[in-house]
Amino acid sequence: MTAIASEFSSSHRIPGWLPPVLLLGVAYLIVPFIGTSYLFEAILLPFLALSLAGVGLNILTGYAGQVSLGSAAFLAVGAFAAYNFNLRVEGLPLIGSIILAGLAAAAIGIVFGLPSLRLKGFYLAVSTLAAQFFVQWALTKFSWFSNDSASGVIDAPALSIAGIAFNGAVGRYLFSLTVVTLLTFLAYRLVSSQSGRNFIAVRDNETAARIIGVPVLKTKLLAFAISSFIIGVAGVLWAFAYLRTVEPAGFNLDRSFQILFIIIIGGLASIRGAFFGAALLVILPLALSRLGSFLLGDVFNSGVLDMSQRIVLGALIILFLILEPDGLVSLWDRIRKRSAAVFGRM
Amino acid sequence: MVEFDWLFFFEVLIGGLLSGVMYSLVAIGFVLIYKTSGVLNFAQGAMLLFAALTFVSLVERAVPFALALAITFVLMVAIGIAIERVVLRPLTNRSPMTLFMATLGLSYIIEGAAQLIWGTQVHGLDLGIEDIPFDFGGIFISQFDLFAAAVAASMVVLLSIFFRYTRVGLAFRAVADDQFAALAIGLRLPWIWATVWAAAGLVALVAGLLWGARLGVQFSLSLVVLKALPVLVLGGFDSIPGAIVGGLLIGAAEKLAEVYIGEYVGGGIESWFAYVVALAFLLVHPSGLFGQKLVERV
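Conventions adopted
Positions within a chain are numbered from 1, following the residues in the order the chain's sequence is written. Whichever chain is written first becomes A and whichever ligand is written first becomes 1, with later ones labelled in order. In keeping with the model being predicted, local features are shown solely for residues with a pLDDT of at least 70 and side-chain atom pairs are shown and tallied solely at 80 or more, while totals for entire chains, interfaces and linings include all residues. Derived side-chain values reflect all non-hydrogen atoms in the structure, with water molecules and hydrogen atoms excluded from consideration. Every helix listed is a DSSP run of H or I at least four residues long, and every strand listed is a run of E at least two residues long, numbered separately from the N terminus. For a compact globule the rule gives 2.2 Å times the number of residues to the power 0.38, and the radius of gyration it is set against comes from C-alpha atoms. The buried label applies to any residue whose accessible area, calculated with a 1.4 Å probe on protein chains only, is under 20% of its type's maximum; exposed applies above 50%, and partly exposed to all values in between. The criterion used for residue contact is that any of the two residues' heavy atoms lie within 4.5 Å. Per-residue and other accessible areas were derived by the Shrake-Rupley procedure at a 1.4 Å probe size, with only the shown protein chains allowed to occlude residues. Neither His nor the chain termini are counted; the positive set is Lys and Arg, and the negative set is Asp and Glu. Throughout, a charge is located at the NZ atom of Lys, the CZ atom of Arg, the CG atom of Asp or the CD atom of Glu. Only Phe, Tyr and Trp rings take part, Trp by its six-membered ring, and two of them pair if their centres are within 6.5 Å. Stacked means planes under 30 degrees apart, edge-to-face means over 60, and tilted covers everything else. Geometrically, a lysine NZ or arginine CZ counts as sitting over a ring once it is within 6 Å of the ring centre and also within 35 degrees of the ring normal. Between N or O atoms, a polar contact is any pair within 3.5 Å; within protein, one atom must be a potential hydrogen donor and the other a potential acceptor, and residues adjacent in sequence are included only when both atoms are from side chains. UniProt positions are given in the numbering used here, feature names are shortened, and annotations may be inferred rather than shown by experiment. The quantity reported as buried area is the accessible area (1.4 Å probe) lost by two parts once they are put together, taken as the sum for both. Counted as salt bridges are all cases of a side-chain nitrogen of Lys or Arg within 4 Å of a carboxyl oxygen of Asp or Glu. Each residue is assigned to one of three groups, with Ala, Val, Leu, Ile, Met, Phe, Trp, Tyr, Cys and Pro labelled nonpolar, Asp, Glu, Lys and Arg labelled charged, and all others, Gly among them, labelled polar. Axes here mean lines fitted to C-alpha atoms, for a helix over just the part in contact, with angles spanning 0 to 180 degrees between N-to-C directions. Throughout, the term roughly parallel applies to angles under 35 degrees, roughly antiparallel to angles over 145, roughly perpendicular to angles from 65 to 115, and oblique to all others. We call a crossing left-handed when the near helix sits turned anticlockwise from the far one by less than a right angle, and right-handed when that turn is clockwise. Patch definition: residues above 30% relative accessible area lacking any salt bridge, with like charges linked at up to 9 Å and the nonpolar side chains Val, Leu, Ile, Met, Phe, Trp and Tyr linked at up to 5 Å. For every residue, the predictor reports its confidence as pLDDT, a number between 0 and 100.

A. Representation of the overall build of chain B. On a plain count of helices and strands, chain B comes out with twelve helices and two strands. Shown N-terminal to C-terminal, the secondary structure of chain B runs as helices and strands in the order α-α-α-α-β-β-α-α-α-α-α-α-α-α. In terms of C-alpha radius of gyration, chain B reaches 20 Å, essentially the compact-globule figure of 19 Å for 298 residues. Put simply, chain B has 298 residues, and 52% of those count as buried. A fraction of 72% describes how many contacts in chain B between residues 6 or more apart in sequence connect residues 24 or more apart. Summed over all atoms, the accessible surface of chain B reaches about 13200 Å², with 69% contributed by carbon and sulfur. If you average the places of the 14 positive and of the 19 negative side-chain charges in chain B, the two averages end up 19 Å apart.

What follows is the structure, encoded as structure tokens:
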């Protein structure tokens, strides 16, 4: 976790802003017209929500060095807060609900970030589990949060902004894409700002950071707040755009680990890393189930799939930690550099 | 005003203390590994599940009790050695957090493998101890709980003797104190780590059998790790007495809270109450009950 945000090296002929802009162009102008509904529903929508959650956790864990095992709690807070603001505040536009949901998640994040002022490392990681269990308990226990719905599963409201309805898979995709793009851009600006540098200073050496005048406590709480805000909004996307329902059960400890795995595999302290990691974690189960049923046929039922998925995921984590500690991002950069060198020689 | 029912209070308290012993048993497995290698082994719960599942499946296939125990133990030792070889050795000198995340991956692998091999159905496990409550002057205590407590106590005594009076135990302590100094006087670290992981495997086996007899052997068994973590936070990651006292405290506090506070908030607070207790304590005393005070050098 010592790598500083790797930026595009300036020696290339391609300017740094070009690849993301091109990618966005493709995502906005080409994908909606060629994508199938399977692509949107099963791959792109979860990918976008998880990427955003990864970006959020990366700010806290990758940049500020505070390991959190409770990300799913903040996803849940975001999803449920947005649902309740939307339900209970008359005439509040969707954007308002989403922002308020993010703020609610940030507030909860600050509360559960308070132990970070005294605890470090494992002690802090374990204490973030408190958030995970408490939030899940509160959401299941008090039916007010789910508007007293008998099953605890509630339908998400339709997405519409200023009279434009984002219905259907493509609409929800474009909505998610816009939110993710916006927040990712802000996160990117943040990590290259003074606050972002403060995060890295606190992560690398707290005492030294304090000596050079970084307000350590404020910085940690800020990291918790911003990270929880982003994860909270990701929770809104997860519930409103991807699942179309809001339920506490989906935001369990496994989801928290999934988001942690996203940033480990993608690359800690890298905004791009979250997207790489999320892509792999969304596609892996799908690919595995295809491959499994192709190779083994009927033996490969859902139970076996679930277990082999766990094994592959666990093995991937260990492999990445051993062989590629900086994640897919650094692998990608190396491949790009090599191929650039090869093409340069030709 | 209603008379406070002291008898009931003591029954809850003792029940809590005894279930706390079960938490301690899991926590000891963590402490063993943390003390000697500085790794918080999240896979301890998965190892516990693996051991219990293997043992039960063997017994169900008509393998005699003692033989099944022996086979499972050998398997746990083999897993311990394999983990040292394949996972820990390549990660030598990496940050403790990296190692922790590796054990997170490890827990996924072991859980997946255990259930892939033995299936996902729930197995009953009968250790031949009847769960009849004893009557101690009006206070009822489960016989099984007493047995578990006795096992845990003897484990602790055995481990303490092992650490204090044997050469291997001395080597463990040397490594725990200072890895470089231990290397310098010729202790072989990889061998010691493999032994520690094997010992943790043994603890996992014992804890797995006791917990398995209690809850049934199934996936949720690996979640007892989540019960052990607040115990560790409270007791300090590197202290066996801490794990014991922490376990007792958490067990008692949890049961008392569930009975006396739980009804006001709708019950089910067991899932997080332990964490709150541990956190509240840590805010006052950051190194835990018995944990070593860390002096951080720049």
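B. Highlighting the overall build of chain A. Within chain A one finds 13 helices and four strands. A compact globule built from 346 residues should have a C-alpha radius of gyration of about 20 Å, and chain A, at 20 Å, falls within 12% of that. Across the 346 residues that make up chain A, the buried fraction comes to 50%. For chain A, restricting intrachain contacts to residue pairs at least 6 apart in sequence, the fraction spanning at least 24 positions comes to 78%. Approximately 15300 Å² of chain A is accessible, and the part contributed by carbon and sulfur atoms is 69%. Computing the positive centroid from 22 side-chain charges and the negative centroid from 14, chain A places the two 11 Å apart.

C. Spotlight on the packing of aromatic side chains. For the structure shown, the criterion picks out 23 aromatic pairs over all chains. Ring centres of A:Phe112 and A:Phe134 lie 6.3 Å apart, and the angle between their planes is 50°; this geometry places the pair in the tilted category. Taken together, the residues span a long stretch of sequence, with A:Phe112 in helix α4 (residues 94-113) and A:Phe134 in helix α5 (residues 121-141) at a distance of 22 residues. For A:Phe112, a relative accessible area of 16% translates into the label buried. Ring centres of B:Phe8 and B:Tyr260 lie 6.4 Å apart, and the angle between their planes is 65°; this geometry places the pair in the edge-to-face category. With B:Phe8 in helix α1 (residues 6-37) and B:Tyr260 in helix α10 (residues 240-260), the pair connects residues that are 252 residues apart, well separated along the chain. A relative accessible area of 37% means that B:Phe8 is categorised as partly exposed. In textbook terms, an aromatic cluster arises when at least three aromatic residues are bridged by ring pairs, as seen for A:Phe112, A:Phe134, A:Trp137, B:Trp272 and B:Phe273. Positioned over the ring face of B:Tyr108 is A:Arg310, at 4.4 Å from the centre of the ring.

D. Representation of the side chain of A:Ser256. Residues and elements named next belong to chain A. Mapped onto the secondary structure, serine 256 falls in helix α10 (residues 253-266). Relative accessible area serves as the criterion here: at 1%, serine 256 is assigned to the buried category. Reaching out from serine 256, the side chain makes a polar contact with the side chain of glutamine 132 at a distance of 2.5 Å. In this structure, serine 256 is in contact with Leu69, Gly70, Ser71, Ala72 and Gln132, ignoring residues within four places of it in sequence.

E. Region of the structure containing the UniProt feature "transmembrane region" (unreviewed entry) in chain B. Residues and elements named next belong to chain B. Residues annotated in UniProt with the feature "transmembrane region" (unreviewed entry) correspond here to residues 6-32, 39-59, 65-87, 99-118, 138-163, 197-217 and 229-252. As annotated, residues 6-32 has a helix share of 100% and a strand share of 0%, and its two end C-alpha atoms lie 38 Å apart. Secondary structure across residues 39-59 comprises 76% helix and 0% strand; the distance between its end C-alpha atoms is 33 Å.

F. Summary view of the interface of chain A and chain B. At the junction of the two partners, chain A supplies 40 residues and chain B supplies 49 residues. Where chain A abuts chain B, roughly 4000 Å² becomes buried across the two surfaces, and 79% of that area is made up of carbon and sulfur atoms. When the area that chain A buries against chain B is broken down by residue, the three leading residues are A:Phe122, A:Tyr123 and A:Arg310, summing to 19%. Here chain A is connected to chain B by one salt bridge. A salt bridge links A:Arg310 to B:Glu111; the nearest nitrogen and oxygen atoms lie 2.7 Å apart. Viewed at the interface, chain B and chain A are joined by four residue pairs in polar contact (both at pLDDT 80 or more). Mapped by element, the contributors of at least two residues to the side of chain A that touches chain B are α5, α10 and α12 (302-323) of chain A. Taken together, the residues of the side of chain A that touches chain B sort by class into 30 nonpolar, five polar and five charged.

G. Focus on the packing of helix α2 (residues 44-60) of chain B against helix α8 (residues 189-215) of chain B. Residue and element names in this part refer to chain B. α8 packs onto α2 with a crossing angle of 60° between their chain directions and a minimal axis gap of 8 Å. Considering their axes alone, α2 and α8 lie oblique with respect to each other. As for the relative orientation of α2 and α8, their crossing is right-handed in sense. Across from Gln44, Met47, Leu48, Ala51, Ala52 and Phe55 in α2, the residues of α8 making contact are Trp197, Ala200, Gly201, Ala204, Leu205, Ala207, Gly208 and Leu209. Tallied by class, the residues present in the contact of α2 with α8 amount to eleven nonpolar, three polar and no charged.

H. Geometry of a nonpolar patch on the surface. Residues and elements named next belong to chain A. Together, Val26, Leu29, Ile30, Phe33 and Ile34 line one region of the surface with nonpolar side chains, adding up to about 570 Å² of accessible area. Checked against the element boundaries, isoleucine 34 lands in helix α1 (residues 18-34). Accessibility expressed as a relative area gives 65% for isoleucine 34, which makes it exposed.

I. Geometry of the pattern of salt bridges. As enumerated under the stated definition, the model contains ten salt bridges over all chains in all. The shortest N-O distance in the salt bridge between A:Asp254 and A:Arg310 comes to 3.5 Å. Note that A:Asp254 is positioned in helix α10 and A:Arg310 in helix α12, a separation of 56 residues in sequence. In this structure, B:Glu84 engages B:Arg89 in a salt bridge whose closest nitrogen and oxygen atoms are separated by 3.1 Å. Classification of B:Arg89 as partly exposed rests on a relative accessible area of 34%. A single network of salt bridges, built from pairs that share partners, joins A:Glu206, A:Arg210 and A:Lys220.

J. Structural context of the confidence of the model for chain A. Residue and element names in this part refer to chain A. This prediction gives chain A a mean pLDDT of 84; 91% of its residues lie at or above 70. Mean pLDDT per element in chain A: strand β2 (residues 160-161) is the minimum at 68, and helix α9 (residues 216-243) is the maximum at 92. For the stretch residues 5-10, pLDDT sits under 50, and the model shows ten contacts to residues farther than four places along the chain or on other chains.

K. Examining the environment of B:Phe134 more closely. You can see B:Phe134 is positioned in strand β1 (residues 133-136). Residues B:Phe134 and B:Phe144 lie ten residues apart in sequence; the distance between their C-alpha atoms is 9.9 Å.

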